[in-house]
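# Understanding the architecture of this molecule
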Amino acid sequence: NTLQNMQQVASYSFRCFILSVMKLSSLDIFPFNESAHDLMERFFNSLNLFRMRKLLQKCRDKLLWNYKLNLTTDPKFESVAREVCKSTIAEIKECADEPVGKGFLVSCLVDHRGNITEYQCHQYITKMTAIIFSDYRLICGFMDDCKADINLLKCGSIRPGEKDAHSQGEVVACLEKGLVKEAEETDPRIQVSDQCKKAILRVAELSSDDFHLDRHLYFACRDDRERFCENTQAGEGRVYKCLFNHKFEESMSEKVGICFSRQVSSECQGEMLDYRRMLMEDFSLSPEIILSCRGEIEHHCSGLHRKGRTLHCLMKVVRGEKGNVGLNCQQALQTLIQETDPGADYRIDRALNEACESVIQTACKHIRSGDPMILSCLMEHLYTEKMVEDCEHRLLELQYFISRDWKLDTVLYRKCQGDASRLCHTHGWNETSELMPPGAVFSCLYRHAYRTEEQGRRLSRECRAEVQRILHQRAMDVKLDPALQDKCMIDLGKWCSEKTETGQELECLQDHLDDLVSECRDIVGNLTELESEDIQIEALLMRACEPIIQTFCHEVADNQIDSGDLMECLIQNKHQKEMNEKCAIGVTHFQLVQMKDFRFSYKFKMACKEDVLKLCPNIKKKVDVVICLSTTVRNDTLQDAKEHRVSLKCRKQLRVEELEMTEDIRLEPELYEACKSDIKNYCQNVPYGNAQIIECLKEIKKQLSTRCHQKVFKLQETEMMDPELDYTLMRVCKQMIKRFCPEADSKNMLQCLKQNKNSEVMDPKCKQMITKRQITQNTDYRLNPVLRKACKADIPKFCQNILNRAKDDTELEGQVISCLKLKYADQRLSPDCEDQIRVIIQESALDYRLDPQLQMHCSEEISSLCAEEAAAQEQTGQVEECLKVNLLKIKTEMCKKEVLNMLKESKADIFVDPVLHTACALDIKHHCAAIPPGRGRQMSCLMEALEDKRVRLQPECKKRLNDRIEMWSYAAKVAPAEGFSDLAMQVMTSPSKNYILSVITVGICVLFLIGLMCGRITKRVTRELKDR
């Protein structure tokens, strides 16, 4: 019978050959009206022999397939098997249970031929192996449903070159490929029938549970299964999981496939790729998903089963965007992602592939299709103009699961294998245990990524780059950081429920750092500390700041190790005109976060860590640490300590931190909290940056609340002690400092600028700012460190009554300086103090605003009598001259007293009367050149010259001198001398000084003579008394 059947096959083959010749004839390859001999000769001459053999081979394979199908179902073979293999069938329960008359029995025995011990049975089954389908019993059901599709797709053929020519796995694989191709094409030419589709999916679902039942995969991976999974029991997908977990082992078959150079054989890998794609496309192929996620699918994802949409819907639910999901379902999804591993090849995830196709074609076209770096490329373009909304959602849904198992990130997995074993004690790459869960491995890696060489072992360069890449990705979405989301779930709901924009959740947690529960606070603190070292982790901030980085910070940005340099550069250039709003807001936010803990400033932490532990223990907030350290530095400086307690490197970084804090009032939390209401009332529309809020508060200081006023006064006192901390002054006068004060010490910067204030090349804006600071200094001697030091002994000696009435942290409104001015006129000050007061008098004589007492008591008179002079853009003493001229019109006693004090001061030195000094400059040069200035000497010289008729003074000088004499005379009447010193000063400055002194001298002499005479008369005694 077998021989007859084989002859029949040969007849079929010849018939197929003739049909082929007829087909070629119809194509006019050669005519069909010739003899058979000529026909054959022309045929072989016309056709390439290889093509002919191919044609015959295809025809033969198809005929053999149909023939084997008929033989497999022939009941005669089953009846022989039951006789020959009776005892074997009894031993193999699986074969004994097969139904009778359907051809399943022989197929089962062929499948178990390795276990047959009976000789006759073994010989019979060995012969049958060559002529029937060994797995027919597994797929016969779909043969009826897919018969037409098998013919349509030409899947029914025998390929003798394959590993098992007698397996229907090739037919199943062919139909599966046709199904996938149909789904991928928008307008498929060949469509698989719905009935066949269901049958294929049934087979796939069955084979997903048992490795043996997927015959194509079984034979492709049989060698690797025996090598790596010999002791793994088949069923429940265990063999498949074992193969997948060992795909990167060095001893795997070394044929290049789709993922890496060392993996399972390419044929096995190809089958696994198809299998993984199918699992991602249809959730029904995964029993765990069906069992664990049934409720979630029905409730949230019904009707979305095509093209992997159901799985992505479940992923979306797990992310918390669409309700809640059970723990079992979440674990089942994580397991499925681990098994399919779409991170290795994005094409496995069809929903992602379709959603992101346009983005990949534009943004990632330089990367080879299927390369694992495609996902990284997509993450880099997240929230950019190139990203589309659907791709963004699918990408984040997948990354949520990849981020929870570091082994799912293929590139990271490969680059960091050695580091994980070396530093994190993962002895086996595929180890999973409670002691070392996947999340712990990545945490270990990133802790070592930012260690210095002094701190010990570090990651390799390649692994460090991958860890940084993952951190950059996680910074984009808080849900991509498993530990952060797990520990901070309650706080996210409590504090950040309304912060739904990109990157806002992490910023919100940082803003509420002190309010978070301890575990969440620790994680957010560690992440923030990490960002301070490498701000490039903040991918969204880096994207916003890219223009400013390219312009001003490209050198530090190119450094492989950041160490906080990039953020420092961004802070320094925060107010450049090229700076955009998003970048400025991001940089400021990071500065504000840094104030919560000094560890968040990497450079400050590294420079001052030891100093903080030694000098400021138990202090955590950065602003408190800065105050503690700066106070220590100041005390050491004032006490001329031989050795500073704060190290040099810390002092340098401390200066940087102090300067940065002056730029924004929010960086000084105590000041900000004290002045919040005042800012709202008076400076609501003023921007925070460039110290503009601080400047606004200074200008309206008198209107501020008591607490805010005190804090602003303290701030001004600090700035006057160290002008470099005066952000506005340093910014406005930056160029003038370079011109006039390049060598000046930071503490003498304002003094240097004041000395060059009236230079012709002085910038007007800087000059105006210097004047503002002078006005501030003259309100209180404590705001003028130079004056305070020079008059240290004079102030308590002459002005103690004022000090007794004074309150801490409030201005004295120039009372002490006014007191010292009067003593200057009396010539009673020490030389150092006199020099400083002379400078103040000279400056205030030119600008009435520098005299707080005059401005306070004469404000009405200035606005009514001297409005025009006060409105002048440049103050040259005209307001003071106006008040002197209108002295008789002044009604307010306090204002009149201030003007009289000015007149008194002008008697002491002509330099403090700018109008008179200007008018008499030539006369001083000609007549008083030999007279040293000070103590009224040059003024007396001019008065004597005025009385001397031989001397001719300049008309303007003469006029001004006569005016002054009249004013002094009036002042003497209105304000008589309060004491001997005032009387002496009036005499010494009087034009009739010589006459008065002569009269006083004659009077004293007369009194002396009278005294002598009276004494001799009244003191006479008798001679007797003398003789005793």
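Overview of the structure. (Residues numbered from 1 in each chain as written. Predicted model: local features only at pLDDT ≥ 70, side-chain atom pairs only at ≥ 80, totals over all residues. Heavy atoms only, no water.)

Scanning all chains against the criterion turns up 25 disulfides. Note on cysteine connectivity: Cys85 is disulfide-linked to Cys121, with sulfurs 1.9 Å apart. Classification of the bridge connecting Cys85 and Cys121 rests on its S-S torsion, roughly 105°, and on that basis the disulfide is right-handed. Taken as a pair, Cys85 in the loop between α4 (75-84) and α5 (86-91) and Cys121 in helix α8 (residues 119-129) lie far apart in primary sequence, 36 residues in all. Since its relative accessible area comes to 0%, Cys121 is described here as buried. Each sulfur of the disulfide joining Cys791 and Cys833 lies 2.0 Å from the other. (Disulfide = S-S within 2.5 Å. Helix = DSSP H or I, 4+ residues; strand = E, 2+ residues; numbered from the N terminus. Buried < 20%, exposed > 50% of the residue type's maximum accessible area, 1.4 Å probe, protein only.)

Moving on, we get to the packing of aromatic side chains. What characterises a pair of aromatic rings is the spacing of the ring centres plus the angle enclosed by the ring planes. Throughout the structure, instances matching the rule amount to three aromatic pairs. Taken together, a centroid distance of 5.3 Å and an interplanar angle of 75° make the contact between Tyr400 and Phe401 edge-to-face. Like Tyr400, the residue Phe401 is buried in the burial classification. The interplanar angle of 85° and the centroid separation of 6.5 Å between the aromatic rings of Phe598 and Phe604 together place this pair among those described as edge-to-face. Arg404 extends its terminal NZ or CZ atom over the ring of Tyr400, reaching a point 3.6 Å from the ring centre. Note that Arg666 overlies the ring of Tyr688, its terminal NZ or CZ placed 4.1 Å from the centroid. (Phe/Tyr/Trp six-rings, centres within 6.5 Å; stacked < 30°, edge-to-face > 60°. Lys NZ or Arg CZ within 6 Å of the ring centre and 35° of its normal.)

So, about helix α31 (residues 504-511). Looking at α31, one finds that the buried residues are Leu506, Cys508, Leu509 and Gln510. Contacts from the buried residues of α31 go to α29 (482-487), α30 (489-495), α32 (518-533) and α37 (581-594). (Contact = heavy atoms within 4.5 Å.)

Quick look at the environment of Arg113 now. Tracing the sequence through the fold places Arg113 in the loop between α7 (104-111) and α8. C-alpha separation for the pair Arg113 and Thr126, spaced 13 residues apart in sequence, amounts to 7.6 Å.

Limitation: the analysis is restricted to geometry and does not speak to function.
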